[in-house]
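In case you want the letters, here they are:
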Amino acid sequence: QAQLVESGGGFVQPGGSLRLSCAASRIIFSIYTMNWYRQAPGRQRELVAAISSGGRINYVESVKSRFTISRDNAKNTVYLQMNSLKPEDTAVYYCNAKWSANNYWGQGTQVTVSS
């Protein structure tokens, strides 16, 4: 069974930075598209950033120029560098791995942005 483990969430003041990590195991990491989703209370889960196996990257408009997704296939890890954080970025952030019919989720990590 595939396993995705997120880390790096926490509490930060507006304008601050956090780096999320997602370590994958029991999958052929390099062939998967890796995604970061988030879900705020009372809202639907939304796709924040994605990086394909070939390195193609996409972001939701609200995080462009502030967030950076990257992957290290040697470490089976995907990252989300989050800068200039805003209160509206507060959410549980989930790592997701997709390939063909395979679709795996991590347990989520809380990010809270508040003064």
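This text gives an overview of the structure that appears in the document. The structure displayed is predicted, hence computed values, not measured ones.

1. Points about the pairing of strand 8 (residues 77-82)
- Of all six residues making up strand 8, five are buried, and the element is well covered by its neighbours.
- By the bridge criterion, six bridges tie strand 3 (residues 18-25) to strand 8 in an arrangement that is antiparallel. Each residue of the ladder has a partner; that of Leu-20, found in strand 8, is Leu-80.
- Across six bridges, the pairing between strand 7 (residues 67-72) and strand 8 is antiparallel. Bridge pairing links Arg-71 to Val-78 in strand 8.
- Connecting strand 7 to the antiparallel partner strand 8 that follows it, the hairpin turn spans four residues, and Asn-76 within it adopts a positive phi of roughly 55 degrees.

2. Describing the state of the cysteines
- For the structure shown, the criterion picks out one disulfide.
- A sulfur-sulfur separation of 2.1 Å characterises the disulfide bridge that pairs Cys-22 with Cys-95. Measuring handedness by torsion sign, the sulfur bridge of Cys-22 and Cys-95 sits at about -80 degrees and is left-handed. Of this pair, Cys-22 sits in strand 3 while Cys-95 is found in strand 9 (residues 91-99), placing the two residues 73 residues apart along the sequence. An identical accessibility class is assigned to Cys-22 and Cys-95; each is buried.

3. Things to note about the pairing of strand 9
- Summarising the sheet, strand 4 (residues 33-39) and strand 9 pair through seven bridges and their orientation is antiparallel. Bridging from a neighbouring strand, Asn-35 pairs with Asn-96 of strand 9.
- Sheet topology note: the strand 9/strand 11 (residues 109-113) ladder contains three bridges and is antiparallel. Paired with Tyr-93 across the bridge in strand 11 is Thr-109.
- Of the pairings in the sheet, the one linking strand 9 to strand 10 (residues 102-105) comprises four bridges and is antiparallel in character. Across the sheet, residue Lys-98 finds its bridge partner in strand 10, namely Asn-103.
- Linking strand 9 back to strand 10 in an antiparallel pair, the connection comprises two residues, with Ser-100 at a positive phi of about 55 degrees.

4. Focus on the side chain of Arg-38
- Checked against the element boundaries, Arg-38 lands in strand 4.
- A polar contact of 3.4 Å, which involves the side chain of Arg-38, links it to the side chain of Ser-62.
- One polar contact links Arg-38 to Asp-89, side chain to side chain, over a distance of 2.9 Å.
- Apart from the residues lying within four places of it in its own chain, the contact partners of Arg-38 are Gln-44, Arg-45, Glu-46, Val-48, Ser-62, Val-63, Phe-67, Glu-88, Asp-89, Ala-91, Val-92 and Tyr-93.

Reading guide: rules and limits
Residues numbered from 1 in each chain as written. Predicted model: local features only at pLDDT ≥ 70, side-chain atom pairs only at ≥ 80, totals over all residues. Heavy atoms only, no water. Buried < 20%, exposed > 50% of the residue type's maximum accessible area, 1.4 Å probe, protein only. Helix = DSSP H or I, 4+ residues; strand = E, 2+ residues; numbered from the N terminus. Pairing = 2+ DSSP bridges. Disulfide = S-S within 2.5 Å. Polar contact = N/O pair within 3.5 Å; in protein donor to acceptor, adjacent residues only side chain to side chain. Contact = heavy atoms within 4.5 Å.

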